[in-house]
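Each chain is listed here by its residues.
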Amino acid sequence: MAGMRLTVIGCSGSFPGPDSPASCYLLEAEGFRLVMDMGNGALGAIQRHAELFGIDAICVSHLHVDHCVDLSSYWVARQYAPGGPRPTIPVYGPRGTAERVARLGGDDVAAIRARFEVHDLKSQTLEIGPFRITADRMNHPVETFGFRVEHAGWKLAYSADTGETDALVRLAQGADLLLSEASFQSNQNNPPNLHLTGRQAGEYAARAGVGQLVLTHLVPWYDRERSLAEAAESYHGPLSAATSGLVLGPGAAR
Ligand SMILES: [Zn+2]
């Protein structure tokens, strides 16, 4: 049986860039499709990799626009599909996810819940389809969850958005791949408790002993080569930067 396949749909930090939507990742295993985050522009790009109604579950790390806004568009697609509304799918997110999606489109919360079975996340481990997901709170101005996703012995960690936190080391401990945000660059007078620099992402990858580090949530106004160079100072394993359409994981070759 082929293992997990991770497709980067969107990896642009804070807002979409010329070559990528904002945050969105497609995880596939055993015919199940789980989407992590659905930022600006993600719903368009995801259709290059999955059938529009082929998504089985969605996890949202937090309710900043660049991580959740296309949930509203996806609700529209499922609600008004030709032939009638599509079946309800589970959506996992911070408290207030259904209300946030309703406000985005000016819709009733009850209508949102008719298409999206919304579950409030807490720091917990849960099974979603074939995936074992551990969620933990990150260090960001709104309630934000990072995820550890395990399938058939392969382990992925996703930082979501975060400032410095030991929770990221716990989530990423021994992971095969860490998908870490690197929104900031050093020497930029960065505010605390918001995002990581490339150097900090590298430090967390080294502390957690991950097998591979992929930088993501890279903001269009910064040079990604410099972010990679920062990370390489502290992390000496395989290192790259995410791009829209990049496919990773043991199922990548299939
Ligand atoms: Zn954020």
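Residues numbered from 1 in each chain as written. Predicted model: local features only at pLDDT ≥ 70, side-chain atom pairs only at ≥ 80, totals over all residues. Heavy atoms only, no water.

Colleague: So what's going on with the coordination of the zinc ion? Which residues, and what values?
Modeller: Taken together, His-62 (NE2), His-64 (ND1), His-140 (NE2) and Asp-161 (OD) make up the full set of protein donors to the zinc ion, lying 2.2 to 2.3 Å away. Around the zinc ion, the four donor atoms are arranged such that angles at the metal cover 90 to 170°; this shape is classified as irregular. Of note, the zinc ion draws all its donor residues from one chain, in the sequence arrangement H-x1-H-x75-H-x20-D. On the criterion of sequence distance, the pair formed by His-64 in the loop between β4 (57–59) and α2 (65–68) and Asp-161 in the loop between β10 (154–158) and α6 (166–172) is long-range, its members being 97 residues apart. The exposure class of Asp-161 is buried, given its relative accessible area of 2%. (Donors = N, O, S within 2.8 Å, 3.2 Å for Na, K, Ca; no water. Tetrahedral: all angles 85-135°; square planar, octahedral: opposite > 155°, others 65-115°. Helix = DSSP H or I, 4+ residues; strand = E, 2+ residues; numbered from the N terminus. Buried < 20%, exposed > 50% of the residue type's maximum accessible area, 1.4 Å probe, protein only.)

Colleague: Mind laying out the layout of surface pockets, listing which residues take part and the relevant values?
Modeller: There is about 230 Å³ of room inside the largest pocket. Taken together, 14 residues line the largest pocket, and the ones lying closest to its centre are Asp-19, Ser-20, Leu-218, Pro-220 and Arg-224. Its residues assigned to classes, the lining of the largest pocket shows seven nonpolar, five polar and two charged. (1 Å grid on protein atoms, 1.4 Å probe; cavity = no way out; pocket = protein on both sides within 12 Å on 5 of 7 lines; lining within 4 Å. Points joined across faces, edges and corners; volume = space filled by probe spheres on them. Nonpolar A, V, L, I, M, F, W, Y, C, P; charged D, E, K, R; others polar.)

Colleague: How would you sum up the packing of aromatic side chains? Please name residues and give values.
Modeller: Scanning all chains against the criterion turns up six aromatic pairs. One aromatic cluster in this structure is built from Phe-15, Trp-221 and Tyr-222. For the cation-ring pair, Arg-86 lies above Phe-53, with the distance from its terminal atom to the ring centre recorded as 4.3 Å. (Phe/Tyr/Trp six-rings, centres within 6.5 Å; stacked < 30°, edge-to-face > 60°. Lys NZ or Arg CZ within 6 Å of the ring centre and 35° of its normal.)

Colleague: Tell me about the packing of helix α7 (residues 198–208) against helix α8 (residues 224–234), and please be specific about residues and values.
Modeller: One way to put it is that α7 packs onto α8 with a least axis distance of 7 Å and a crossing angle of 35°. Relative to α8, the crossing made by α7 is right-handed. Here α7 contributes Gly-198, Arg-199, Gly-202, Glu-203 and Ala-206 to the contact with α8, which in turn contributes Ser-227, Glu-230, Ala-231, Glu-233 and Ser-234. Residue composition of the contact of α7 with α8, by class: two nonpolar, four polar and four charged. (Axes fitted to C-alpha atoms, helices over the stretch in contact; angles between N-to-C directions. Left-handed = near helix turned anticlockwise from the far one by under 90°. Contact = heavy atoms within 4.5 Å.)

Colleague: Help me get a handle on the side chain of Arg-78, residues and values and all.
Modeller: Of note, Arg-78 is situated in helix α3 (residues 70–79). With no salt bridge to any partner, buried Arg-78 finds its closest opposite charge in Glu-51, at an N-O distance of 7.2 Å. There is a polar contact of 2.9 Å between the side chain of Arg-78 and the backbone oxygen of Pro-87. Beyond its immediate stretch of four places on either side in the chain, Arg-78 contacts Phe-53, Ile-55, Pro-85, Arg-86, Pro-87, Ile-89, Arg-115 and Phe-116. (Lys, Arg positive; Asp, Glu negative; His and termini not counted. Salt bridge = Lys/Arg side-chain N within 4 Å of Asp/Glu carboxyl O. Polar contact = N/O pair within 3.5 Å; in protein donor to acceptor, adjacent residues only side chain to side chain.)

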